[in-house]
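Here is how the chains run, residue by residue.
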Amino acid sequence: MSWLTGLDLLDGAGLRRNMALRVAGDRLAEVAAFDGQKGTDLSEGGARALVAPGLFDLQVNGGAGLMLGDCRTPADVLTIAAAHWASGTAAILPTLISDRPEVTARVIDLVVAAQAQAETQATGALPGLHLEGPHLAIAGAHDPACLRPMTDTDLALYAEARARLGRLLITVAPEVVPPAQIAALTAEGITVALGHTACDRDLAESAYAAGAVMATHLFNAMSGLHHRAPGLVGATLDRGAPFGLIADGVHVDPAVLRVALRASPGAAVLVSDAMAVAGTGAERFTLAGREVLRQNGRLELADGTLAGADLTLVQAVEIVAGWLFAGIEEVAPMAFDAPARVLGMEAPELAEGAAARLLVWRGGRAVARVDAGGVLPVMDGQVPG
């Protein structure tokens, strides 16, 4: 590929102005200050484009018409990843919503197999797996029949899975999974998040002290912030722990999101909480035998319960930038740098040898993505037509 010019670079190390880069295959071959190199000019109207790593989503329940729990082959998992890369998310933790033990074991095997194939295909990366449940206290849109305590057999399965996957994130409720089990999980290198819980602040603090590192989709399906009962929200913001945020304007009001970001700067991790309809024009799908309707920017069960989000991670960045009156360079790191740090990964760096899965932003919008196939369009989350 020829040089890409007319750009600024943003990565985990910060912002570099007036740069150029060249892609060879699936890697960055050269990154240099612009000195007149001839190539594809990404600027428009004299304004340079912003090039950043593709986004990293820690909570992707599905896409391309599939829920992770419905996947039967590694190709199904890769189809979900490809749907999200089409909208600008270069890496995902496919997320299994609370399910039966045999489904959990099957999904672990599928994701491990898909990881082995992802590096050789034009799809998003799969750094690991997120198990959101089944060890939860508040069902939300999860199947209540699947919620249960954690056993020694579960612990052994998760320890083995982490070794095979590389990275495993598990969301648990502290009233269901006590500190000793949280400590056992973290001792195996598993990242523990707290969510779907009615715990009070003291129990939340005990869970964090035992090794939990973040809260899953802050404010949703958890004990809220009250001036006499801080709950998980208060405990998380007070200690500055990382927290996931679903920034669709439905799950969290913009004013509340701004309060959280001011209370704990640098702690937010934007997530999509995407479901099967992501990357499709479908108006409904089935979750644990229940129909979920897609309408007015919401995904809802028949009783009105939110069932995931109708959101891409790129849209989340653009929405938050608008709510904060901020530039993309201030918000995008919440969706590529912060997720990596939560999992103990190095901050993504746009340097020679790095993976070529890049996003091009212009005028506050993601306008293109770059990979081995060249400069490609960013889809808006639905298949045209």
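Now for a quick tour of the structure. Sequence order as written defines residue numbering, which begins from 1 separately in each chain. In keeping with the predicted nature of the model, local features appear solely for residues at pLDDT of at least 70, side-chain atom pairs appear and are counted solely at 80 or more, and the whole-chain, interface and lining totals rest on all residues. With hydrogens and water set aside, each side-chain value is computed from the structure's full complement of heavy atoms.

## Remarks on the overall build of the chain
Working definition: helices are DSSP H or I runs of at least four residues, strands are E runs of at least two. Numbering for both runs from the N terminus. Helix and strand counts for the chain stand at 10 helices and 22 strands. Across its three principal directions, the C-alpha atoms of the chain cover 60 × 45 × 40 Å. Buried, partly exposed and exposed residues are distinguished by accessible area as a fraction of the type maximum, computed with a 1.4 Å probe on protein chains only: under 20%, between the cut-offs, and over 50%, respectively. Burial analysis of the chain (385 residues in total) assigns 55% to the buried set. Pairs at least 24 apart in sequence give 68% of the contacts found in the chain among residues at least 6 apart. Split by element, the accessible area of the chain, about 14900 Å² in all, is 51% carbon and sulfur. Residues counted as positive are Lys and Arg, residues counted as negative are Asp and Glu, and His and the chain ends are not counted. Think of each charge as sitting on NZ of Lys, CZ of Arg, CG of Asp or CD of Glu. The average position of the 27 basic charges and that of the 42 acidic charges among the side chains of the chain differ by 3 Å. Any pair of residues with heavy atoms lying within 4.5 Å of one another is described as a contacting pair. Where accessible areas are quoted, they stem from the Shrake-Rupley method and a 1.4 Å probe; at the residue level, only the protein chains shown are allowed to cover.

## Digging into the nonpolar core
Ranked by internal contacts, the top residues of the largest apolar core, which has 100 residues, are Leu 58, Phe 243, Leu 270 and Trp 361. Looking at this core, the element that brings in the most residues is helix H2 (residues 101-118), giving 8 residues. In terms of nonpolar packing, the next biggest core, distinct from the first, is built from 17 residues, Leu 7, Leu 9, Ala 49 and Val 370 among them. We define a nonpolar core as any set of buried Ala, Val, Leu, Ile, Met, Phe, Trp, Tyr and Cys residues linked to one another through side-chain atoms lying within 4.5 Å.

## A few points about the sheet that holds strand S17 (residues 290-295)
Read across the open sheet, the 4 strands follow the order S16-S17-S18-S19; overall the sheet is antiparallel. Two strands lie at the open edges of the sheet, namely strand S16 (284-287) and strand S19 (306-309), each paired on one side alone. Strand after strand, the sheet turns through a mean of 30 degrees between neighbouring axes, direction not considered. Strands qualify as paired when DSSP identifies two bridges or more between them. By the bridge criterion, 2 bridges tie strand S18 (residues 298-300) to S19 in an arrangement that is antiparallel. Note that in S19 the partner of Arg 298 across the bridge is Ala 309. Orientation is described by axes fitted as lines to C-alpha atoms, over the contacting stretch for helices, and by angles from 0 to 180 degrees between their N-to-C directions.

## Things to note about the pattern of salt bridges
Salt bridges are defined as contacts in which a side-chain nitrogen from Lys or Arg sits within 4 Å of a carboxyl oxygen from Asp or Glu. Scanning all chains against the criterion turns up 16 salt bridges. Here Arg 17 makes a salt bridge to Asp 8, at a shortest N to O gap of 3.1 Å. The network of salt bridges with common partners includes Asp 8, Arg 17 and Arg 48.

## Here's the deal with helix H5 (residues 201-210)
Regarding H5, the residues found buried are Ala 204, Ala 207, Tyr 208 and Ala 210. The buried residues of H5 occupy an angular sector of 160 degrees when projected down its axis, which confines them to one face. Facing away from the buried side of H5 by more than 90 degrees, the exposed set consists of Asp 202 and Ala 209. Measuring from the backbone nitrogen of Asp 202 back to the side-chain oxygen at the start of H5 gives 3.3 Å, which picks out Asp 200 as the cap. Just downstream of H5 lies Gly 211, where phi reads positive at about 135 degrees. Our arc is simply the arc of the directions from the helix axis toward the C-beta atoms. Under this definition, polar contacts are N or O atom pairs within 3.5 Å; protein pairs additionally need one hydrogen-donor-capable and one acceptor-capable atom, and for neighbouring residues in sequence, both atoms have to be side-chain atoms.

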